[in-house]
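The residues making up each chain are set out below.
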Amino acid sequence: MVSIPTRLEQTRARIAAACSAAHRPPGSVQLLAVSKTFGADAVEQAFAAGQRAFGENYIQEALAKIEALAALRTQLQWHLIGPIQSNKSRPVAENFDWVHSVDRLKIAQRLSDQRPPTLPPLHICLQVNISGEASKSGLMPAELPEVARAVAALPRLVLRGLMAIPEPAQGEAAQRAPHRALHALLDELRATLGDQAPQLDTLSMGMSADLEAAVAEGATIVRVGTAIFGTR
Ligand SMILES: *Cc1c(COP(=O)(O)O)cnc(C)c1O
């Protein structure tokens, strides 16, 4: 069993190599360590090895970890990357720094209303159904401009960009296509919204199996679980 610090180092090396191949600066991609299903002890090991940003899918599980690691709270960034039901939005607004999985305006409105005034605004990515699968969550590309304009206007949120979970694909070309499509949607949105969304700079895409393809297509945050913490 390879240790978490070693796997973290290997993942950083993959990102650095992908940045180099894409002629991108090495610091232009943030690593989000996806700690879902792993305990606070695993997060602490990654923290000790320099990792600061952690991604969680399940709200109850995440809240327990955030609580257990309260002593480190100011040094950690917690990102929610899993689905939110509207009756669960309050603890999300109160405990996370980022939410990548906003897929309807109603959730964004609730998060803005419920974000405590003592905290900085919540960073938001809109999740896009980039592979067009009927069963997957995420906004359809055609819905994006209207929802993004409304989210960007909410007072306690900052709209940062787009997130997608493409269908698994084999081979570089097939892996790159959906990431390229998400990048094009972000470019269109920036052109459409202009000053209405001044901080639209984030492409949250790429996981353990396809982070190189995502970095090649402009990812600014890669969300990596298995390659750091092991199989779930
Ligand atoms: C679990 C998960 C990841 C990490 O996936 P790995 O294949 O383990 O790297 C990334 N993003 C989302 C939304 C996830 O649910």
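Figured I'd write up the structure that's included with this text. These numbers come from a predicted model, not from an experiment.

1. Things to note about the site of the ligand
Then, in step 1: Close contacts around the ligand come from Val34, Lys36, Asn57, Ile81, Ile165, Met207, Ser208, Arg223, Val224, Gly225, Thr226 and Arg232, and that covers them all.
Then, in step 2: Residue Ser208 places a side-chain N or O atom 2.5 Å away from an oxygen atom belonging to the ligand.
Then, in step 3: In the model, a nitrogen atom of the ligand is placed 2.8 Å from a nitrogen or oxygen of the Arg223 side chain.
Then, in step 4: When isolated, the ligand has an accessible area of 380 Å², and the protein chains bury 90% of it.
Then, in step 5: In this structure, the ligand is accommodated by the largest pocket.

2. With respect to the packing of aromatic side chains
Then, in step 1: Applying the stated rule across the entire model yields two aromatic pairs.
Then, in step 2: On the numbers, 5.9 Å between centres and 40° between planes, the contact of Phe54 with Trp78 is tilted. A residue pair is termed long-range when its members are at least 10 positions apart, and Phe54 in strand E2 (residues 53-56) and Trp78 in strand E3 (residues 77-80) qualify at 24 residues. Each member of the pair, Phe54 together with Trp78, is buried.

3. A look at helix H5 (residues 105-114)
Then, in step 1: Buried residues of H5: Ile107, Ala108, Leu111, Ser112 and Gln114, and no others.
Then, in step 2: Elements that come into contact with the buried residues of H5 comprise helix H4 (89-95), strand E4 (98-102), strand E5 (122-127), helix H6 (144-152) and strand E6 (157-163).

4. Description of the pairing of strand E1 (residues 30-34)
Then, in step 1: Among the five residues of E1, four are classified as buried, and the element is accordingly described as predominantly covered.
Then, in step 2: Note: E1 against E2, two bridges, orientation parallel. The partner of Val34 across the bridge, within E2, is Gly55.
Then, in step 3: Between the parallel pair E1 and E2, the chain is carried across by helix H2 (residues 40-48), and the sense of this crossover is right-handed.

5. Some points on the nonpolar core
Then, in step 1: Counting 67 residues, the largest nonpolar core has Val99, Leu111, Ile124, Leu126, Leu162, Val222 and Phe229 as the members making the most contacts within it.
Then, in step 2: The residues touching Val99, leaving out its near neighbours within four places in the chain, are Leu80, Ile84, Val92, Leu111, Leu122, His123, Ile124 and Cys125.
Then, in step 3: Within the second largest apolar cluster, eight residues are counted, among which are Leu32, Ala53, Ile81 and Cys125.

6. Things to note about the packing of H6 against helix H7 (residues 172-193)
Then, in step 1: Two numbers describe how H6 lies on H7: the axes approach to 11 Å, and their chain directions differ by 60°. It follows from the interaxial angle that H6 and H7 lie oblique. Read as a crossing pair, H6 and H7 show a hand that is right-handed. Facing H6, whose interface residues are Leu144, Pro145, Ala148 and Arg149, H7 presents Leu185, Leu189, Thr192 and Leu193.
Then, in step 2: Here the residues of the contact of H6 with H7 sort into six nonpolar, one polar and one charged.

7. Topic: unusual backbone geometry
Then, in step 1: We note that His23 has phi near 55°; this positive angle belongs to a residue other than glycine.
Then, in step 2: Along the chain, the position of His23 falls in the loop between helix H1 (4-21) and E1.

8. A word on the side chain of Ser89
Then, in step 1: Here Ser89 lies in helix H4.
Then, in step 2: A relative accessible area of 0% means that Ser89 is categorised as buried.
Then, in step 3: Apart from residues lying up to four places away in sequence, Ser89 is in contact with Ile84, Arg110, Leu111 and Gln114.

Rules of the game
Residues numbered from 1 in each chain as written. Predicted model: local features only at pLDDT ≥ 70, side-chain atom pairs only at ≥ 80, totals over all residues. Heavy atoms only, no water. Near = heavy atom within 4 Å. Polar contact = N/O pair within 3.5 Å; in protein donor to acceptor, adjacent residues only side chain to side chain. Areas by Shrake-Rupley, 256 points an atom, 1.4 Å probe, with all protein chains shown as cover. 1 Å grid on protein atoms, 1.4 Å probe; cavity = no way out; pocket = protein on both sides within 12 Å on 5 of 7 lines; lining within 4 Å. Sits in = over half its atoms within 2 Å of the grid points. Phe/Tyr/Trp six-rings, centres within 6.5 Å; stacked < 30°, edge-to-face > 60°. Helix = DSSP H or I, 4+ residues; strand = E, 2+ residues; numbered from the N terminus. Buried < 20%, exposed > 50% of the residue type's maximum accessible area, 1.4 Å probe, protein only. Contact = heavy atoms within 4.5 Å. Pairing = 2+ DSSP bridges. Right-handed = clockwise from strand over helix to strand, strands pointing away. Core = buried A, V, L, I, M, F, W, Y, C linked by side-chain atoms within 4.5 Å. Axes fitted to C-alpha atoms, helices over the stretch in contact; angles between N-to-C directions. Parallel < 35°, antiparallel > 145°, perpendicular 65-115°, else oblique. Left-handed = near helix turned anticlockwise from the far one by under 90°. Nonpolar A, V, L, I, M, F, W, Y, C, P; charged D, E, K, R; others polar.

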